[in-house]
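Given next are the chains, with one letter for each unit.
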Amino acid sequence: QVQVVESGGGLVQTGGSLRLSCAASRSTFSINTMGWYRQAPGKQRELVALIGSSGYTVYADSVKGRFTISRGNGVNTVYLQMNSLNPEDTAVYYCKVKSNGGSNYWGRGTQVTISS
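To keep things clear, this report deals only with the structure shown in the data block.

So, how was this worked out
- Residues numbered from 1 in each chain as written.
- Predicted model: local features only at pLDDT ≥ 70, side-chain atom pairs only at ≥ 80, totals over all residues.
- Heavy atoms only, no water.
- Buried < 20%, exposed > 50% of the residue type's maximum accessible area, 1.4 Å probe, protein only.
- Helix = DSSP H or I, 4+ residues; strand = E, 2+ residues; numbered from the N terminus.
- Pairing = 2+ DSSP bridges.
- Disulfide = S-S within 2.5 Å.
- Polar contact = N/O pair within 3.5 Å; in protein donor to acceptor, adjacent residues only side chain to side chain.
- Contact = heavy atoms within 4.5 Å.
- Axes fitted to C-alpha atoms, helices over the stretch in contact; angles between N-to-C directions.

**What about the pairing of strand 4 (residues 31-39)?**
- Of all 9 residues in strand 4, 7 are buried, a share of seventy percent or more.
- Examined bridge by bridge, strand 4 and strand 9 (residues 91-99) share 8 bridges and lie antiparallel to one another. Across the sheet, the residue bridging to Thr33 is Lys98, located in strand 9.
- With 6 bridges joining them, strand 4 and strand 5 (residues 46-52) adopt antiparallel strand pairing. Each bridged residue has a counterpart across the sheet, and for Trp36 the counterpart in strand 5 is Ala49.
- Adjacent in sequence and paired antiparallel, strand 4 and strand 5 are bridged by 6 residues, among which Gly42 carries a positive phi angle near 80 degrees.

Spelled out as structure tokens, the structure:
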């Protein structure tokens, strides 16, 4: 079983920054992509950013130029650097790890709250 654990959420003011971290527990795990999703109250979960094993990245239009996804030195870690935050970024942020076999593993989420 693979465990996915997020950390780094919190409360910041508009214009501030946060860095989210995600780690998958199994070191021999063959990862295809790692991504960050978010879900605001009353809204559907949406993709924020994704990074593939080759390093390609995908971003939601709403975060381009403000957020950066990166892999850690440990292959099973991923970060999301979030700058110029605004209240519309308030949500629970989830990490999803997709294996080469097509299985998806989700973390429990970390709350990000941006005050105006």
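**Details of the state of the cysteines**
- Going through the model one piece at a time under the given rule, you end up with 1 disulfide.
- The disulfide partner of Cys22 is Cys95, and the gap between their sulfur atoms is 2.0 Å. Its torsion about the S-S bond being -80 degrees, the disulfide of Cys22 and Cys95 is classed as left-handed. With Cys22 in strand 3 (residues 18-24) and Cys95 in strand 9, this residue pair connects regions lying 73 residues apart in the sequence.
- Since its relative accessible area comes to 2%, Cys22 is described here as buried.

**Quick word on the pairing of strand 8 (residues 77-82)**
- With 6 bridges connecting them, strand 3 and strand 8 associate as antiparallel partners. Each bridged residue has a counterpart across the sheet, and for Ala23 the counterpart in strand 8 is Thr77.
- Hairpin geometry of strand 7 (residues 67-71) and strand 8 is characterised by an intervening segment of 5 residues between the two adjacent antiparallel strands.

**Looking at the side chain of Arg66**
- Turning to its location among the elements, Arg66 is positioned in the loop between strand 6 (57-59) and strand 7.
- Accessibility expressed as a relative area gives 15% for Arg66, which makes it buried.
- A polar contact is formed between the side chain of Arg66 and the backbone oxygen of Ser84, at a distance of 2.9 Å.
- Excluding anything up to four places from it in sequence, Arg66 contacts Gln81, Met82, Asn83, Ser84, Leu85, Asn86 and Asp89.

**A few points about the sheet that holds strand 7**
- Ordered by their spatial adjacency, 4 strands build an open sheet running 1-3-8-7, and the pairing between neighbours is antiparallel. Taken across any chain shown, the strands that pair with only one partner, and hence form the sheet edges, are strand 1 (4-7) and strand 7. Adjacent strand axes in the sheet meet at a mean angle of 15 degrees when their direction is disregarded.

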